[in-house]
Structures are given as C-alpha cells and as structure tokens.
Amino acid sequence: MKKTIAEINARIQAGKAVVVTAEELIPMVMAQGVTETARHVDVITTGTFGPMCSSGAFLNLGHPAPRMKMSKVLLNGVEAYAGLAAVDAYLGATQIPETDPENKNFPGEFNYGGGHVLEDLVAGKEVLLEAYAYGTDCYPRKKLEKMIRLEELPQAFLFNPRNAYQNYNVAVNLTDRTLYTYMGILKPNLGNANYSTSGQLSPLFNDPYYRTIGPGTKIFLGGGVGFVSWYGTQHNPLAPRGANGVPTSPAGTLAVIGDLKQMSPRWLRGISYLGYGVSLMVGLGIPLPVLDEEVVRFAAVSDSEIFAPVVDYSESYPQGLGQVLGTVSYAELRSGEISVNGKKVPTAPLSSYYGAREIAATLKDWILQGEFLLTAPAFNLPREAGVPAYGRLVFPQEG
Amino acid sequence: MKEKMVLYFPSTVTEQPFIYYLVKDFNLMVNILKADINPRKEGRIVVEISGEKPDFAAGLDFLQARGVKVFPLEQEIIWVEERCTHCGACSVICPVNALELNRTTMKIEFHGDRCVVCEHCLKACPSRAMEARY
Ligand code: SF4
Ligand code: SF4
C-alpha cells in the first residue's frame, strides 16, 4: 500500500479523507492491525503544548517619520535584538526586563518577559515601544516612544530555532534543598520528578526517523498555520534508540516559522519559572501523511513503549556529567508515580497533555473541513551523520 | 503572637498614619500584604501584625477607637481557569492534593474545600493561574 501526498490532498478536498489523532490510532491498530489501518486512514495528527524556551519573533516595527535606524528596542521594557535592518528586531521568549531583580532575592519570580510580550501581542493588547538610535543622515530620528499593536505592524512572524524536542529528561533532585530549574520546582530528596513531552501524542515520537517531516512541512503553530523551516538547534538524530526506533534521550528538534498575526494567546503563553526565568508555552501540531504502512507502524507507538532518562538536576545535569539514574516509560510517568533508586516518586508534567490532545483534535478538524492541505517537505530532516540528500552537511559523531 | 487581618478605613480617617503609631507606640511589627486606599476615599489593607499579646490587644483597641474596623482575614485561593494551561506542574506542589491532575481527562481540578491556603501554588504555577483573594 502506497499513497502520495497529492492523492491524500485530493481526498481531503473531496471531503473523503480519514483523519485520526495519534492517540486514537493506538486502539485502532490494536484492533485491526497495521495493514488494515493504513489502508483506510489518510492522515495522523499529533500535538504538543509545552514550554519551549528557544522561541521568539521577528518584528518589523514600521518606519516613523522622520526615519530611524533603531539600535535599541524595548517592548514593555523587554529588550528585542535590533542588530538588523533599520526597524527590524527579534524578540526572544526568555528575555527579561533590565529592571528585573533576577535571582537577587532568591528564588526570583520573573513575572514578565519576552514570552509575556508575545502573548500580549497576539492577544491584541497595546504594547509600549521604546526605540533609541544614534542618528544618521538617512535615518535622523534618535528616539521613539509609542504604543503599538500587533495588527499595525507591517510584518511579524514567530521563528523558533528549537521546538518540539524529541524526548526529554525526567528531572529529579537528590540533595536536601529545593531546586528551582527550567524543569520546574524540584523538591529535596527525590520529592518529585518533572517531565516535559506529550509522549504518544508528541510529533517526533510518531515519526521517529523523520520519514515525512522536513523543511516545508505545514504545521499547526501557536493556533495558526506555520511551517517547519529547518532542523532545530541541538538536533541530534544519533541519540540512542530503542528497538522501535524511538530515541531514549533528547534527540531531534525542529526550527519552525509562522505568521504571528494568525496566532492566539491560547497557544502562545508567557510563563514564569520560579528561580529560573521566563519562557513561552508553544502549541505545535504536525500532520503525518499515511504514505505507507510504516508511517502507521511508527505512529502507533504508545506511552508504554516510549522511554525517558531520569536525570539528577542537582549534580549530573548542571555539571554536564551525563549520568542517568534510570529509565522510565511515559505510561509510568503519566500514572503519577515512578520508582527512582528504589523510592516511589510522584511525577508532574510541565507540558500540557490536555493541550496536546486539543491541538491534535483541532488539526484533525481543519483537515476534515478541507481548510488544511498537506505539504511535502523540501527534504527530510537529517537522520544520520554524513551527507543528506540536499547537499553537504555533516553532523558531529556521538560523544 | 502573629495574625493576618483586614483593616477597613472609613473615608474620614484614611489620611492618618495608623501604621506608624502601631509600630512606634505599640511595638508591633506590621507587614502590609495588600493595600487598597485612595486619598479621601475608603480603604482596605490586609496586614500581618506580630508582637507581644498585650501590645497586640492595645494596638487593636487604639485602631478601633479611631474608627478603623478590624476583621479577621478570610483568605481564599482562586483558580483562574482561563489562565490555566493544564500543564500539571502544581499537582506535586500542593501538599493536600487540592490541585489534582485527573488522569483520564488530563485536566487539573481545583478542590477549594481541601485548600489550606499555604500559597505554595501562587509562584509555582508558571502561568500565574492561582491567585489569593482577601
Ligand atoms: S501549574 Fe498553573 S497552569 Fe499548570 S495546571 Fe496548575 S494551575 Fe494550571
Ligand atoms: S494554597 Fe496550598 S493548599 Fe491551596 S491549592 Fe495552593 S498549594 Fe494547595
């Protein structure tokens, strides 16, 4: 059985496509088998809604009169990088205001930052723009202060260099003091274990070898339509994998892009991690075209077959020691309790499984309505060291 | 002793420096948790007052004699559902399971009746979906 993306799109346009979420696929394959399921399902949708620090947006702020080459840009007091053309800037999700007390009064609260500005912008709120310049013959203005709204900006697009991590650590704390980390609050003496992927719904767990995903793949991003633009920073397809092909430690990542003006504060949410900093919760969903039976076989993976490493965030992670305390399945993580060093440890997610479910369902809906057609990637995400199909590119070897 | 309470100021007395007198004349420590006063309008502040028991009683008498009404604090923790992303991070922070992750729906459920107002969730919630109301 083989299908092309063109054939699947024709079925979507004719209103005949069969679309299921990666979660709905699991009992289907159990009941009917891979071959039968592949024959009648056309698209499998995935989703994830979690903190993704490597996120941000390129904003064109529009030329004031007289013109200005902005060299310092603040949005609600949060600096956006302006070392670009005259009125372009990049606002990063983890940027905090210069006035933030940081961790001086530990643990710092980090109540507002880049992620919150992005949320305010997509919520349609007014944001204070302050810009400074040294002034040139062509761009004489030196200062600008005004309220802006996202809809007034000529262009604004989200461009996230690292999203949708394929697997991630389960964070614990072996010491007797509380730790405040990007993996949340870790209580002393293995008080809790925090994890952060949507497991069986997460995009790259369902296509572990990136057989259908690459630059040009159309996706759900922040409530709007976006695209995979490149492999993400720290993309590491060489991470160890289980027999089912699923990586057992952090592996592939995606760089993604999308029109900020289409997005919603529901799926782009500024967040604050006590003692750590600010970030952005990003909603992201990828449709997988059922091109062959293999697509179904891989996407049918369930939480009990996906494993994550348990890492101590008091020593092993911060010191970069690479020690792993054990391996647990997402089924165990999602049950609310795992066992580490013989101790029962309650688990908490940082990524919203409920949100992931809703994203996969929304994407399914868009496709069923005929509003969302699938695209073929320009090339597949690199899956091995060496020279990928599109030209020269060498990944570092493991270790 | 140490107690949280709500002080209610009628519009006629809001400009007087009560807190100053509590500290200076009654040896009390006053920690203002929340204030809501506009000049010439009625106001309300939530304070935590600590000190020796006789000073404490004398201080409260002083306030009441000047027209300030004193109420016990009935603090409540509110779950702002629209801000909640159902991430679940609070489920291991709450000591009494008042914030519980329903494993079927994978949504967080707030059981206000179990809440002991420890306030741990206020800063632990990344979306700031938990708020204290007085
Ligand atoms: S931590 Fe906050 S956002 Fe997350 S589930 Fe709890 S209340 Fe909701
Ligand atoms: S205030 Fe304390 S008891 Fe109440 S919900 Fe928050 S963490 Fe739980």
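So, how was this worked out
- Residues numbered from 1 in each chain as written.
- Chains lettered and ligands numbered in written order.
- Predicted model: local features only at pLDDT ≥ 70, side-chain atom pairs only at ≥ 80, totals over all residues.
- Heavy atoms only, no water.
- Domains from an automatic or database assignment.
- Core = buried A, V, L, I, M, F, W, Y, C linked by side-chain atoms within 4.5 Å.
- Buried < 20%, exposed > 50% of the residue type's maximum accessible area, 1.4 Å probe, protein only.
- Helix = DSSP H or I, 4+ residues; strand = E, 2+ residues; numbered from the N terminus.
- Contact = heavy atoms within 4.5 Å.
- Buried area = accessible area lost by both parts, 1.4 Å probe.
- Salt bridge = Lys/Arg side-chain N within 4 Å of Asp/Glu carboxyl O.
- Polar contact = N/O pair within 3.5 Å; in protein donor to acceptor, adjacent residues only side chain to side chain.
- Nonpolar A, V, L, I, M, F, W, Y, C, P; charged D, E, K, R; others polar.
- Pairing = 2+ DSSP bridges.
- Axes fitted to C-alpha atoms, helices over the stretch in contact; angles between N-to-C directions.
- Near = heavy atom within 4 Å.
- Phe/Tyr/Trp six-rings, centres within 6.5 Å; stacked < 30°, edge-to-face > 60°.
- Lys NZ or Arg CZ within 6 Å of the ring centre and 35° of its normal.

Peer 1: Is there a simple way to explain the domain arrangement of chain B in this structure?
Peer 2: Often the size quoted for an interface is simply the accessible area lost on bringing the parts together. The domain architecture assigned to chain B consists of domain 1 (2-72) and domain 2 (76-133). Computed over C-alpha atoms only, the centres of domain 1 of chain B and domain 2 of chain B are separated by 32 Å.

Peer 1: Which parts of the structure should I look at to understand the nonpolar core?
Peer 2: Residue and element names in this part refer to chain A. In this structure, Ile44, Leu59, Leu61, Val73, Leu75 and Leu260 are the most contacted members of the largest nonpolar core, which totals 82 residues. The greatest single-element share of this core, amounting to six residues, is contributed by helix 2 (residues 22-40). Excluding its chain neighbours within four sequence positions, the residues that come into contact with leucine 75 are Leu59, Ala80, Leu91, Val117, Val127, Leu128, Leu129 and Ile148. Formed by 30 residues, the second largest nonpolar core is a distinct cluster that contains Val43, Ile271, Met281 and Leu350.

Peer 1: What's the story with the interface of chain B and chain A in this structure? I'm lost.
Peer 2: Contacts between the two partners involve 23 residues from chain B and, on the opposite side, 29 residues from chain A. Each partner contributes to the roughly 2,000 Å² buried at the junction of chain B and chain A, and carbon and sulfur atoms together form 55% of this total. If you sort the residues of chain B by the area they bury against chain A, Val92, Met106 and Pro126 of chain B come out on top, with a joint share of 29%. On the surface where chain B and chain A come into contact, there are two salt bridges. The interface formed by chain B and chain A holds 14 residue pairs in polar contact (both at pLDDT 80 or more) in total. Looking at side-chain class alone, the side of chain B that touches chain A contains 10 nonpolar, seven polar and six charged residues.

Peer 1: Any chance you could explain the pattern of salt bridges here in plain terms?
Peer 2: Opposite charge on two side chains permits them to pair, given that their charged atoms come into close proximity. All names here are of chain A. In this structure the tally under the stated criterion is 20 salt bridges over all chains. Taking the shortest distance from any N to any O, the salt bridge between arginine 39 and glutamate 36 comes out at 3.1 Å. Taken as a pair, arginine 39 and glutamate 36 lie in helix 2 at a separation of three residues, close to a single helical turn. Where arginine 266 meets glutamate 358, a salt bridge forms, and the shortest distance between an N and an O atom there is 2.9 Å. Note that arginine 266 is positioned in the loop between strand 17 (254-259) and strand 18 (268-273) and glutamate 358 in helix 7 (residues 353-368), a separation of 92 residues in sequence. Because the salt bridges share partners, they merge into one network encompassing Lys3, Arg11 and Asp42.

Peer 1: In this structure, what is going on with the sheet that holds strand 1 (residues 19-21) of chain A? I would like to understand it.
Peer 2: Where strands meet in a sheet, backbone hydrogen bonds hold them as pairs that are either parallel or antiparallel. Residues and elements named next belong to chain A. Spatial ordering of the open sheet is given by 1-2-20, a layout of three strands whose pairing is mixed. Whereas interior strands pair on both sides, the edge strands pair on one side only; in this sheet they are strand 1 and strand 20 (287-289). In this sheet, neighbouring strand axes are inclined to one another by 25 degrees on average, regardless of whether the strands run parallel or antiparallel. As paired elements, strand 1 and strand 2 (residues 43-45) share three bridges and run parallel to each other. Bridged to valine 19 within strand 2 is valine 43.

Peer 1: Whenever I open this one, the site of ligand 1 confuses me. Can you help?
Peer 2: Residues in close proximity to ligand 1 include Trp79, Cys84, Thr85, His86, Cys87, Gly88, Cys90, Ile108, Cys125, Pro126, Ser127 and Met130 of chain B, which together make up its full environment. Considered class by class, the residues forming the shell around ligand 1 number eight nonpolar, four polar and no charged.

Peer 1: Hey, could you run me through the packing of aromatic side chains in this one?
Peer 2: In this description, an aromatic ring pair is defined by two values, namely the gap between the centres and the angle between the planes. Residue and element names in this part refer to chain A. For the coordinates displayed, the defined rule picks out 24 aromatic pairs over all chains. On the numbers, 6.1 Å between centres and 70 degrees between planes, the contact of tyrosine 195 with tyrosine 330 is edge-to-face. Residue tyrosine 195 is found in strand 14 (residues 193-195), and its partner tyrosine 330 is found in helix 6 (residues 330-335); the two are separated by 135 residues along the sequence. Each member of the pair, tyrosine 195 as well as tyrosine 330, carries the same accessibility label: buried. The structure contains a cluster of three or more aromatic residues connected by ring pairs, namely Tyr165, Tyr168, Tyr182, Tyr276, Tyr313 and Tyr317. Over the face of the ring belonging to phenylalanine 372 we find lysine 218, whose NZ or CZ atom lies 4.6 Å from the ring centre. Sitting above the plane of the tyrosine 353 ring, arginine 334 keeps its charged end 4.0 Å from the centroid.

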